[in-house]
Amino acid sequence: MRYLSRIVVAVLALLLAACGAADTGGASQPIATSAPAPTAAAAATAAPVLTAVPAPTAAPAPTQATRPADETKPTGQPASGDVVAIYRKTGGIAGVDETLTVYADGRLSLLGRSGAAQTAQAQPADLGKLQSLLASPDFAGLSPRYQASGADLFNYQITIPSTGQTVSTMDGAQAPAVLGQAITEMEQLKGMVK
């Protein structure tokens with residue numbers, strides 16, 4: 001019975017050591033363990049002592065090809081092929097933070113501070129003026145940023161994924177008319193979602 005108890009204790013110790021090594025995720029190196037030298041009488045009845053246990057190797061990190069599709073895109077960013085524009089409005093006294101994504105097929109998705117997305121469907125005619133403004137040479141020639149000074153101003157940002165162009169402005173900034181018109185169109189589309 002005593003012999004059996006020692007075997008059970010030794011097996012449990014080995015299992016615990018192996019579990020502990022698996023959690024470390026370390027490189028494949030043996031883990032040395034030591035035990036006091038048994039006396040002659042104890043050596044005859046003691047279970048054999050394992051002096052080295054190889055640590056498991058860490059699994060390789062997934063490559064781009066092995067990751068699930070949703071991990072290959074940045075979170076919160078739609079695929080750019082079907083997106084006309086992304087419009088973000090922030091600031092103001094209430095701390096507004098809204099992002100409107102306008103898709104080529106008329107889908108509208110509005111993400112607010114709560115993190116919940118609201119959607120709506122616009123008609124192609126509703127997108128026509130916005131698409132014309134965004135495709136115009138005047139919009140393409142805009143500076144990346146138009147600033148003003150003041151407190152609690154609204155900030156506006158329009159990103160065109162197909163060209164990579166991003167234009168930012170704020171209330172009171174001296175910006176070209178085409179930018180103001182694009183913001184007005186985006187606000188009207190945003191009103192369809194709310």
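Each value, and the rule that gives it
Residues numbered from 1 in each chain as written. Predicted model: local features only at pLDDT ≥ 70, side-chain atom pairs only at ≥ 80, totals over all residues. Heavy atoms only, no water. Buried < 20%, exposed > 50% of the residue type's maximum accessible area, 1.4 Å probe, protein only. Helix = DSSP H or I, 4+ residues; strand = E, 2+ residues; numbered from the N terminus. Pairing = 2+ DSSP bridges. Axes fitted to C-alpha atoms, helices over the stretch in contact; angles between N-to-C directions. Parallel < 35°, antiparallel > 145°, perpendicular 65-115°, else oblique. Left-handed = near helix turned anticlockwise from the far one by under 90°. Contact = heavy atoms within 4.5 Å. Phe/Tyr/Trp six-rings, centres within 6.5 Å; stacked < 30°, edge-to-face > 60°. Lys NZ or Arg CZ within 6 Å of the ring centre and 35° of its normal.

Moving on, we come to the pairing of strand β8 (residues 165-170). Within β8, five of the six residues are buried, which leaves it mostly tucked inside the rest of the structure. In this structure, strand β7 (residues 154-160) lies alongside β8, joined through six bridges in antiparallel fashion. Bridge assignment links Y156 to a residue of β8, and that residue is T169. Here β7 hands over to β8 after four residues, with G164 in that stretch at a positive phi of 80°.

What follows covers the packing of helix α3 (residues 124-135) against helix α5 (residues 177-193). α5 packs onto α3 with a crossing angle of 150° between their chain directions and a minimal axis gap of 10 Å. Here α3 lies roughly antiparallel to α5, going by the angle between them. Pair α3 / α5 crosses with left-handed handedness. Here D126, L127, K129, L130, L133 and L134 of α3 lie close against α5, whose contacting residues are V178, Q181, A182, E185, M186, L189 and M192.

With that out of the way, let us pick up the sheet that holds strand β6 (residues 117-121). The strand order across the open sheet built from six strands is β6-β5-β4-β3-β7-β8, with neighbouring strands paired in antiparallel fashion. Bordering the open sheet on either side are β6 and β8, each of which pairs with just one other strand. Pairs of neighbouring strands in the sheet enclose a mean axial angle of 15°, with direction left out of account. Inspection of the sheet shows strand β3 (residues 83-91) paired to strand β4 (residues 96-103) by eight bridges, in the antiparallel sense. Each bridged residue has a counterpart across the sheet, and for G91 the counterpart in β4 is V96.

Here we come to the packing of aromatic side chains. This model, assessed by the stated rule, comprises one aromatic pair. Taking 6.5 Å as the distance between ring centres and 10° as the angle between the ring planes, the aromatic pair formed by Y87 and Y156 counts as stacked. With Y87 in strand β3 and Y156 in strand β7, the pair connects residues that are 69 residues apart, well separated along the chain. With relative accessibility at 1%, the residue Y87 sits in the buried group. R107 extends its terminal NZ or CZ atom over the ring of Y103, reaching a point 4.0 Å from the ring centre.

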